[in-house]
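# Chain and residue survey
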Amino acid sequence: MKKCVAEFIGTFALVFAGTGAIIINEASGGAITQVGIALTFGLIVLAMIYTVGDISGAHLNPAVSLGFFAARRFPLRDLIPYVLSQCAGAFAASGTLRFLFPNNATLGATLPAGSAMQSFVLELILTAILMFVILNVSTGAAEKGITAGIAVGAVIGLEAMFAGPICGASMNPARSLAPAVVSQHLASLWIYLIAPPLGALLAVLACRCVREPGCCGIPRRAARSES
């Protein structure tokens, strides 16, 4: 239960700060800027990793939880509770922002600026890069420690900085689902529900190609021979 509460709070903070920056940027006539929005997403993730990483692993993202499960670092029994907690935190954040900014049309929803396929491919690649970094700096299924917070926060900020104006750089189904549902902008939601999980799975395959046997679910040959 404590882990689920930590995921709820962490994802609430992520969506509240990140999409809140988008909303306030619109309300203030661009005072925050795209760079500021990207830094907000990166810094809030960095802060939450240091805050709840030792409790829940600070996944804050259903695609990340799925990636850890595919890498055999995370048990199936915890996957659904984590995803539900993350989505609940995201919806609580979007509901709060709707209360605070009732006239905002999108509530920071991720919307493609170009074609749907362009944003789909971007989201898939961006999430694959993010998950690849997470798998290589995390301990088991936990994003914690000095390197994890800096590396994961930095890659999220970087990707949001250059890809955000085109695809929104969500990389997170919960982050996209909540504002889309609350603001009723559902037409492009499928992109952000399908591409990030596929990208996370692709990252697991990439990790298996570069790391030692056993790091992402492939048993060591010696272990197989012993059995």
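Structure: above.
Our subject in this report is the structure included herewith. (Residues numbered from 1 in each chain as written. Predicted model: local features only at pLDDT ≥ 70, side-chain atom pairs only at ≥ 80, totals over all residues. Heavy atoms only, no water.)

### Topic: the overall build of the protein chain
Quick reminder of the rule: Secondary structure is summarised from DSSP: a helix means a run of H or I of at least four residues, a strand means a run of E of at least two, and numbering begins at the N terminus for each. The size measure is the radius of gyration over C-alpha atoms, and the globule rule it meets is 2.2 Å times the number of residues to the 0.38 power. Think of it in three bands: residues with accessible area under 20% of the maximum for their type are buried, residues over 50% are exposed, and the middle band is partly exposed, with areas taken using a 1.4 Å probe on protein chains only. Contacts between residues were defined by any pair of non-hydrogen atoms, one from each residue, lying within 4.5 Å. Using a 1.4 Å probe, accessible areas were evaluated by the Shrake-Rupley method; residue-level cover was limited to the displayed protein chains. His residues and chain termini do not enter the charge count, which takes Lys and Arg as positive and Asp and Glu as negative. Charge placement uses NZ in Lys and CZ in Arg. For Asp and Glu, CG and CD serve respectively.
When you go through the protein chain residue by residue, the secondary structure sums to 9 helices and 0 strands. Taken from the N to the C terminus, the helices and strands of the protein chain come in the order α-α-α-α-α-α-α-α-α. Relative to the 2.2 N^0.38 estimate, which gives 17 Å for 227 residues, the radius of gyration of the protein chain is 17 Å and therefore close to what a compact globule would have. By its C-alpha atoms, the protein chain is 65 × 40 × 30 Å across when sized along the principal axes. For the protein chain, with 227 residues in total, the buried portion stands at 49%. When contacts within the protein chain are restricted to residue pairs at least 6 apart in sequence, long-range pairs at least 24 apart make up 78% of them. Total accessible area on the protein chain stands at roughly 10,100 Å², and carbon and sulfur atoms take up 70% of it. Put simply, the protein chain has 13 plus and 9 minus side-chain charges, and the middle of one group is 7 Å from the middle of the other.

### Comments concerning the packing of helix H4 (residues 76-100) against helix H7 (residues 173-183)
The condition that has to hold: Axis definition: a line fitted to C-alpha atoms, limited for helices to the stretch in contact. Angles are taken between N-to-C directions and run from 0 to 180 degrees. Working rule for angles: under 35 degrees goes down as roughly parallel, over 145 as roughly antiparallel, 65 to 115 as roughly perpendicular, anything else as oblique. By convention, the crossing between two helices is left-handed when the near helix turns anticlockwise from the far helix through less than a right angle, and right-handed when the turn is clockwise. We call Asp, Glu, Lys and Arg charged. Ala, Val, Leu, Ile, Met, Phe, Trp, Tyr, Cys and Pro are nonpolar, and the rest, Gly among them, are polar.
Packing of H4 against H7 brings their axes to within 8 Å, and their N-to-C directions diverge by 40 degrees. Considering their axes alone, H4 and H7 lie oblique with respect to each other. Relative to H7, the crossing made by H4 is right-handed. Here Gln-86, Cys-87, Ala-90, Phe-91, Ser-94 and Arg-98 of H4 come into contact with H7, specifically with Ala-174, Leu-177, Ala-178, Pro-179, Val-181, Val-182 and Ser-183. Among the residues forming the contact of H4 with H7, the class breakdown is 9 nonpolar, 3 polar and 1 charged.

### Focus: the packing of aromatic side chains
Rule in force here: By convention, a stacked pair of Phe, Tyr or Trp rings (six-membered ring in the case of Trp) has centres within 6.5 Å and planes under 30 degrees apart, an edge-to-face pair has planes over 60 apart, and any other such pair is tilted.
For the structure shown, the criterion picks out 3 aromatic pairs. Between Phe-74 and Tyr-82, the aromatic rings sit 4.8 Å apart at their centres with planes inclined by 65 degrees, giving edge-to-face as the arrangement. The class for Phe-74 is buried, based on a relative accessible area of 7%. Given a relative accessible area of 3%, Tyr-82 falls into the buried group.

### With respect to the nonpolar core
Selection criterion: Definition used in this section: a nonpolar core is a set of buried Ala, Val, Leu, Ile, Met, Phe, Trp, Tyr and Cys residues joined via side-chain atoms within 4.5 Å.
Within the largest apolar cluster, 45 residues are counted, with the highest numbers of intra-cluster contacts made by Met-131 and Leu-135. Secondary structure elements with two or more residues in this core: helix H1 (2-27), helix H2 (33-52), helix H3 (62-70), H4, helix H5 (116-137), helix H6 (146-167) and helix H8 (189-210). If you tally residues by element for this core, the top one is H2, at 8 residues.

### Quick word on a nonpolar patch on the surface
What counts is decided by this rule: To count toward a patch, a residue needs a relative accessible area over 30% and no salt bridge; like charges are then connected within 9 Å, while nonpolar side chains (Val, Leu, Ile, Met, Phe, Trp, Tyr) are connected within 5 Å. The term salt bridge refers to a pairing of a side-chain nitrogen on Lys or Arg with a carboxyl oxygen on Asp or Glu at a separation within 4 Å.
A cluster of nonpolar side chains, namely Trp-190, Leu-193, Ile-194, Leu-198 and Leu-201, defines an oily patch on the protein surface of about 410 Å² accessible area. As for its placement among the helices and strands, Trp-190 is situated in helix H8. For Trp-190, a relative accessible area of 40% gives the class partly exposed.

### Observations concerning H1
Condition: Helix span, expected: 1.5 Å multiplied by one less than the number of residues in the helix. Throughout, bend refers to the angle between the axes fitted to the seven residues that end at a position and the seven residues that start at it.
Taking 1.5 Å per residue, 26 residues should reach 38 Å; H1 reaches 36 Å between its end C-alpha atoms and fits that length. Largest kink in H1: about 25 degrees, centred on Gly-20. Of the residues trailing H1, Gly-29 is marked for its positive phi of about 75 degrees.

### Here's the deal with the packing of H5 against H6
Relative to each other, H5 and H6 sit at 170 degrees, their axes nearing to 9 Å. Considering the angle they form, H5 stands roughly antiparallel to H6. Across from Gln-118, Ser-119, Leu-122, Glu-123, Leu-126, Ile-129, Leu-130, Val-133, Ile-134 and Val-137 in H5, the residues of H6 making contact are Thr-147, Ala-148, Ala-151, Val-152, Val-155, Ile-156, Glu-159, Phe-162, Ala-163, Ile-166 and Cys-167. A breakdown of the residues in the contact of H5 with H6 according to their chemical character gives 16 nonpolar, 3 polar and 2 charged.

### Remarks on H4
End to end, H4 covers 37 Å across 25 residues, agreeing with the expected 36 Å (1.5 Å per residue, within 8%). Considered for burial, the residues of H4 that qualify are Leu-79, Tyr-82, Ser-85, Gln-86, Cys-87, Gly-89, Ala-90, Ala-93, Ser-94 and Leu-97. Residues of H4 that are buried sit in contact with H1, H3 and H7.

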